[in-house]
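Fold and geometry: a report
The chain contents come next:
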Amino acid sequence: MTDSTLSESDLIALDRQLVWHPYSSINSATPVFPISAAQGIHLERSNGQRMIDGMSSWWSAIHGYNHPEMNDAIERQLGKMAHVMFGGLTHEPAVQLCKTLVEISPKGLDHVFISDSGSVAMEVALKMALQYFHAQGLTEKNTFLTFKNGYHGDTFGAMSVCDPVTGMHSIFSGNLKQNIFVDAPSEGFDAPWQDENFAQFKSTFLANKETLAAVVLEPIVQGTGGMRFYSPQYLREIRALCDEHQVLMIADEIATGFGRTGKLFACEHAQISPDIMAVGKALTGGYLSLAATLCSQQVAQTICSGDPGIFMHGPTFMGNPLACAAANASLALLLQQPWQSQIKLIECELIEGLNACKNIGGVEDVRVLGAIGVVELKTAVDMSRIQPMFVERGVWIRPFGKLVYTMPPFICQREDIVEICSGIFDVLQAYLEN
Ligand SMILES: *Cc1c(COP(=O)(O)O)cnc(C)c1O
């Protein structure tokens, strides 16, 4: 790269010396790979090698990289203003974004709070639920009920509803609200419904209903906490319980939102609307950090008619115009294309391509839903061994524990998915059988 001032080896050495990466040790020998550019579905290493991105940069880069329409929208906004405070001021990119989000999200979600990241969108969701009951004088309703194996972000409120084991509650226990957990659904998306599946959730809910503010869940797909899929009937049963007992339902659609599961929002699989919904990740097509929390008219009105009469949150970079412009461009790109048939194509190719992994010793399960493909192994992978194998094979996959999974960009063609799947197969075969 002509404009680089660091050699690749200097960059790696400085990175190792100075830089934290997600969930990492500063003493780790696990390699990181410098990327100097990204184009379409490819990441370009500084040594010139190209890799297909099987991760969409953690669910977000749905239109791929360096997309001309995305770039253009951001450049046009940059020429007007990069940022302006949102207290007392407003602007078209934010208003347009909120209008679109209300139009496309499940019915009954009428107000939008914009924030900077998924974790903050979840903090906002939890605070909305707490303020909703506080405003009614029901301060005892301050606890959340959720599934084990969930992931909702890394801030304290979000952590308090993450899986207690993988979410490391023990380290932070003195600072975490004690919430209530039930076993995660284990039967899969298509499994025939049996009422006993729901018995533990129901009895736990009923035993605690006086103190529950909300049920918090990732609809249909539990992401980072296990890449597990579950029946839409859970959402219908939970919606009914919440309605009957004055408990709010918070849907975390940060990973599932914007088409990933085959529906625009995963709640649509069950035809239900939550009271509060968080989105993030794919919202800007992976260009800039942005998230949003939507809520019903009733939640918003109740919060604002009780004490203190306002919602108590307001990030400095709230409604950042560049990020909103990116989100508007990304949503326009998504909605103007036949995205349903594109996700269906990706789903079919993932099913076909990953199926072969079932025959590799050490593979526990293979499952696919929408544009999400998961190969679950019997034991956790050794990252320092498997990660370079994927890079060598030219397919960017970032396993986590026992999970080797892909959620490719929506612009992938048939042959790209074939390549991602055969990359996963080749690497797993070499990794597990040697
Ligand atoms: C990624 C994720 C979050 C956290 O979002 P950040 O932008 O990383 O803070 C929350 N919930 C779910 C379901 C996620 O996948």
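The shown structure was predicted, so the numbers you read here are calculated from the model rather than taken from an experiment. (Residues numbered from 1 in each chain as written. Predicted model: local features only at pLDDT ≥ 70, side-chain atom pairs only at ≥ 80, totals over all residues. Heavy atoms only, no water.)

Attention shifts here to the sheet that holds strand S5 (residues 143-147). Read from one edge to the other, the open sheet built from 7 strands follows the order S4-S12-S11-S10-S7-S5-S6, with strand pairing classed as mixed. The open sheet has two edge strands, strand S4 (109-115) and strand S6 (180-182), and neither has a second partner. Adjacent strand axes in the sheet meet at a mean angle of 20° when their direction is disregarded. Pairing analysis gives 6 bridges linking S4 to strand S12 (residues 291-296), with the strands arranged antiparallel. Residue pairing across strands places Ile 114 opposite Ala 292, the latter belonging to S12. (Pairing = 2+ DSSP bridges. Helix = DSSP H or I, 4+ residues; strand = E, 2+ residues; numbered from the N terminus. Axes fitted to C-alpha atoms, helices over the stretch in contact; angles between N-to-C directions.)

On to the pattern of salt bridges. A side chain of one charge can pair with a side chain of the opposite charge if their charged atoms are brought near each other. Scanning the model with the defined rule gives 13 salt bridges in all. Where Lys 209 meets Glu 210, a salt bridge forms, and the shortest distance between an N and an O atom there is 3.5 Å. The shortest N-O distance in the salt bridge between Asp 426 and Arg 393 comes to 2.9 Å. Taken together, the positions of Asp 426 in helix H14 (residues 414-432) and Arg 393 in helix H13 (residues 383-393) put the pair 33 residues apart, joining distant regions of the chain. (Salt bridge = Lys/Arg side-chain N within 4 Å of Asp/Glu carboxyl O.)

Counting 54 residues, the largest nonpolar core has Phe 258, Leu 354, Val 375, Val 404, Ile 424 and Leu 428 as the members making the most contacts within it. Counting residues per element, this core draws most heavily on H14, which supplies 7 residues. Counting the residues that make up this core, at least three belong to each of domain 1 (8-66 + 338-433) and domain 2 (72-335). Setting aside residues no more than four positions away along its own chain, Val 404 makes contact with Gly 373, Val 374, Val 375, Leu 377, Val 381, Phe 390, Ile 397, Pro 399, Ile 424 and Leu 428. Counting 44 residues, the second largest nonpolar core, distinct from the first, contains Tyr 234, Cys 242, Val 247 and Val 374. (Core = buried A, V, L, I, M, F, W, Y, C linked by side-chain atoms within 4.5 Å. Buried < 20%, exposed > 50% of the residue type's maximum accessible area, 1.4 Å probe, protein only. Domains from an automatic or database assignment. Contact = heavy atoms within 4.5 Å.)

What follows covers the packing of aromatic side chains. Following the criterion strictly, the structure yields 14 aromatic pairs and no others. Measuring from ring centre to ring centre gives 4.9 Å for Tyr 132 and Phe 133, while their planes differ by 80°; the resulting arrangement is edge-to-face. With relative accessibility at 6%, the residue Tyr 132 sits in the buried group. Taken together, a centroid distance of 6.1 Å and an interplanar angle of 85° make the contact between Phe 147 and Tyr 234 edge-to-face. Remark: Tyr 234 occurs in helix H9 (residues 232-244) and Phe 147 occurs in strand S5; sequence separation between them is 87 residues. The structure contains a cluster of three or more aromatic residues connected by ring pairs, namely Phe 147, Trp 193, Phe 198, Phe 201, Phe 205, Tyr 230 and Tyr 234. (Phe/Tyr/Trp six-rings, centres within 6.5 Å; stacked < 30°, edge-to-face > 60°.)

We now examine the site of the ligand. Surveying the vicinity of the ligand reveals the residues Ser 117, Gly 118, Ser 119, Tyr 151, His 152, Gly 153, Glu 218, Asp 252, Ile 254, Ala 255 and Lys 281. At 2.6 Å, a side-chain N or O of Ser 119 approaches an oxygen atom of the ligand. Between an oxygen atom of the ligand and a side-chain N or O atom of Lys 281, the distance comes to 2.6 Å. Protein chains bury 83% of the 380 Å² of accessible surface belonging to the ligand in isolation. The residue inventory of the shell around the ligand, partitioned by class, reads 3 nonpolar, 5 polar and 3 charged. (Near = heavy atom within 4 Å. Polar contact = N/O pair within 3.5 Å; in protein donor to acceptor, adjacent residues only side chain to side chain. Areas by Shrake-Rupley, 256 points an atom, 1.4 Å probe, with all protein chains shown as cover. Nonpolar A, V, L, I, M, F, W, Y, C, P; charged D, E, K, R; others polar.)

Turn by turn, an α-helix covers 3.6 residues, leaving residues three or four places apart pointing in a common direction. The first and last C-alpha atoms of helix H12 (residues 339-354) sit 22 Å apart over 16 residues, in line with the 22 Å expected at 1.5 Å per residue. Of the residues making up H12, those classed as buried are Trp 339, Gln 342, Ile 343, Ile 346, Glu 347, Glu 349, Leu 350 and Leu 354. In this fold, the buried residues of H12 make contact with helix H11 (321-335), strand S13 (363-369), strand S14 (372-377), strand S16 (403-406) and H14. (Expected span 1.5 Å × (residues − 1).)

This next bit is on the domain arrangement of the protein chain. Accessible area lost upon the coming together of the parts serves often as the stated size of an interface. According to the domain assignment, the protein chain consists of domain 1 (8-66 + 338-433) and domain 2 (72-335). On a C-alpha basis, the centroid separation for the pair domain 1 and domain 2 is 27 Å. Contact residues are listed per partner, giving 26 residues for domain 1 and 28 residues for domain 2. The junction of domain 1 with domain 2 conceals about 2300 Å² of combined surface from both sides, 69% of it contributed by carbon and sulfur atoms. (Buried area = accessible area lost by both parts, 1.4 Å probe.)

Ordered in space as S13-S14-S16, the 3 strands form an open sheet in which the pairing is antiparallel. Across the chains shown, the open sheet's two edge strands, defined by having one partner strand only, are S13 and S16. Neighbour-to-neighbour, the strand axes of this sheet turn through a mean angle of 10°, independent of strand direction. Helix-sheet contacts for H12 involve S13, S14 and S16, and the interaxial angle to S13 is about 165°.

Once that is clear, we can look at the packing of helix H8 (residues 199-208) against H9. Contact geometry of H8 with H9 gives a least axis separation of 11 Å together with a crossing angle of 15°. In terms of axis orientation, H8 runs roughly parallel to H9. In this structure, the crossing between H8 and H9 has a hand that is right-handed. Mapping the contact onto sequence places Phe 201, Lys 202, Phe 205 and Leu 206 in H8 and Ile 238, Leu 241 and Cys 242 in H9. Split into classes, the residues belonging to the contact of H8 with H9 amount to 6 nonpolar, no polar and 1 charged. (Parallel < 35°, antiparallel > 145°, perpendicular 65-115°, else oblique. Left-handed = near helix turned anticlockwise from the far one by under 90°.)

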